[in-house]
Amino acid sequence: MNLFWTNTIWYVLLGVLTIFEVIFSIIKAKRRKYVFAFYMTLVGAVLFFETMILIVFKAYNYYPMIIPTSPFDDVLAGNLFSQFSVAATALLVAVFNLEYYWILILSGIYGLIEELFLALGIYSHNWYRTWMTILGLIIFFWWAKKSYSKSLEGIKPIKYYLYIILGLFPLDVITLLWGFILSGYQNYSRDFMPDPVRSPYVVCLLYYLLVAITTVSIYFLKLKWRWKTMAIMTIYVINYLAYKRHIFYFLNTEWFLIFSTASIFSIYLSVVFLDRLFEASKSSALMVEREH
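Below you will find a few notes about this structure.

The rules behind these values
- Residues numbered from 1 in each chain as written.
- Predicted model: local features only at pLDDT ≥ 70, side-chain atom pairs only at ≥ 80, totals over all residues.
- Heavy atoms only, no water.
- 1 Å grid on protein atoms, 1.4 Å probe; cavity = no way out; pocket = protein on both sides within 12 Å on 5 of 7 lines; lining within 4 Å.
- Points joined across faces, edges and corners; volume = space filled by probe spheres on them.
- Helix = DSSP H or I, 4+ residues; strand = E, 2+ residues; numbered from the N terminus.
- Nonpolar A, V, L, I, M, F, W, Y, C, P; charged D, E, K, R; others polar.
- Salt bridge = Lys/Arg side-chain N within 4 Å of Asp/Glu carboxyl O.
- Expected span 1.5 Å × (residues − 1).
- Bend = angle between axes of the 7 residues up to and from the residue.
- Core = buried A, V, L, I, M, F, W, Y, C linked by side-chain atoms within 4.5 Å.
- Buried < 20%, exposed > 50% of the residue type's maximum accessible area, 1.4 Å probe, protein only.
- Contact = heavy atoms within 4.5 Å.
- Phe/Tyr/Trp six-rings, centres within 6.5 Å; stacked < 30°, edge-to-face > 60°.
- Lys NZ or Arg CZ within 6 Å of the ring centre and 35° of its normal.
- Axes fitted to C-alpha atoms, helices over the stretch in contact; angles between N-to-C directions.
- Parallel < 35°, antiparallel > 145°, perpendicular 65-115°, else oblique.
- Left-handed = near helix turned anticlockwise from the far one by under 90°.

**Details of the layout of surface pockets**
Alright, step 1. Here the largest pocket defines a volume of roughly 470 Å³.
Alright, step 2. Contributing to the lining of the largest pocket are 24 residues, with E50, Q83, V86, T133 and L137 lying nearest its centre.
Alright, step 3. Taken together, the elements giving at least two residues each to the lining of the largest pocket come down to α1 (2-28), α2 (32-55), β1 (60-62), α3 (71-95), α4 (100-120) and α5 (130-151).
Alright, step 4. Class assignment of the residues belonging to the lining of the largest pocket gives a composition of 17 nonpolar, 5 polar and 2 charged.

See the structure below:
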């Protein structure tokens, strides 16, 4: 209980602020489904970038004490609160088309929050510094504002597919793939990179990219069923070979089938879901009412 009031509560408060920002942005937007889909893309973009900095380059550490029995999973949990919050503020900037001075103010506020977390001992830097956060957020908020404005006129195919792939990160990597790791029934190699603690999560990210890119290709290329079946079966084969080569670990062969089926079809359904939400963006600019 003491850890909740000294550590967890601050992350909970950040989470509450995030929920408020997202709900407020969606309520005020005219195209609410599209705004939610764009938020998923923003979350995916910042999580993919920040998770790589956290996992591969060991930039910083979070201590929310949500999963105290697994220190690195606890760090990842703290990262989720941070990046969902950053994406929510980027959405606010985009939907309300805030002036550039607001981008500077909001980036500065996040710098102050970071310094507060450092002072409270619930977050720590390794080589990372707060000014990097401020600079990075200025760029990210500006990009979110510009991308949202342009996307209302329609999104070109390559960028559209990228938006979908990024949107899959919060929908499937956090919920499904990380969930399997936390369950203890499935995991990844600890020898893929020098750090055995971070190695499984890098392999997990690579697997996500493999299935996401394959699934997006299957869905948007409108392949015939025999080609779709062959692509899906190829992923099963890759998973099985990875299992035999000890790159993937499963409790038993049954869990290999459960994981493979769940990950492939969950990601496919998420692609369909995001495409339905984004669908209006593919219409002509004449049919789009620009939001301000």
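**Side note on the pattern of salt bridges**
Alright, step 1. What the rule picks out here adds up to 3 salt bridges.
Alright, step 2. When the shortest N-O distance is used, the salt bridge between K58 and D195 registers 3.1 Å. One end of the pair, K58, is in the loop between α2 and β1; the other, D195, is in the loop between β3 (186-188) and α7 (199-220), with 137 residues separating them in the sequence.
Alright, step 3. Through salt bridges with shared partners, a single ionic network connects K58, D195 and R198.

**Details of empty space enclosed by the protein**
Alright, step 1. Taken as a whole and assessed by the stated rule, the structure comprises 1 cavity of 30 Å³ or more.
Alright, step 2. There is about 170 Å³ of room inside the largest cavity.
Alright, step 3. T51, L76, F169, V173 and W178 are the residues nearest the centre of the largest cavity, which is lined by 14 residues in total.
Alright, step 4. Where the lining of the largest cavity is concerned, the elements lending two or more residues are α2, α3, α6 (157-183) and α7.
Alright, step 5. At 5 residues, α6 tops the list of elements feeding residues into the lining of the largest cavity.

**Some thoughts on α6**
Alright, step 1. For α6, which comprises 27 residues, the first-to-last C-alpha distance of 37 Å matches the rise-based estimate of 39 Å (1.5 Å per residue) to within 8%.
Alright, step 2. V173 marks where α6 bends most, by close to 45°.
Alright, step 3. Just downstream of α6, G184 is the residue with a positive phi angle, here 85°.

**Some words on the nonpolar core**
Alright, step 1. Grouped together as the largest cluster of nonpolar side chains are 93 residues, with contacts concentrated most on F141, L177, W178, Y188 and Y207.
Alright, step 2. The residues touching Y188, leaving out its near neighbours within four places in the chain, are L177, I181, P200, V203, C204, Y207, I247, F248, Y249 and F259.

**A look at the packing of aromatic side chains**
Alright, step 1. Here the structure, examined in full by the defined rule, presents 47 aromatic pairs.
Alright, step 2. Ring plane angle 70° and centroid distance 6.0 Å describe the contact between Y11 and F81, whose orientation is recorded as edge-to-face. Linking Y11 in helix α1 with F81 in helix α3, this pair joins segments that are 70 residues apart in sequence.
Alright, step 3. With a relative accessible area of 25%, F81 lands in the partly exposed category.
Alright, step 4. Grouped by ring-pair contacts, the aromatic residues F180, Y185, Y188, Y207, Y240, Y243, F248, F250, W255, F256 and F259 constitute a single cluster.
Alright, step 5. Geometry around Y219 places K222 over its ring, the cationic atom sitting 5.1 Å from the centre.
Alright, step 6. The aromatic ring of W225 is capped on one face by K228, whose charged end is 4.7 Å from the ring centroid.

**What to know about the packing of α3 against α5**
Alright, step 1. For the pair α3 and α5, interaxial distance at closest approach is 8 Å and the crossing angle is 45°. Judged on the interaxial angle alone, α5 and α3 are oblique. At the point where α3 passes α5, the crossing takes the right-handed sense. Facing V86, A87, T89, A90, V93, A94 and V95 of α3, the residues of α5 in contact are L137, F140, F141, A144, K145 and Y148.
Alright, step 2. Class assignment for the residues of the contact of α3 with α5 results in 11 nonpolar, 1 polar and 1 charged.

**Section: the side chain of S260**
Alright, step 1. With respect to the helices and strands, the residue S260 is situated in helix α9 (residues 253-278).
Alright, step 2. Residue contacts for S260: discarding those within four places in its chain leaves Y236 and N239.

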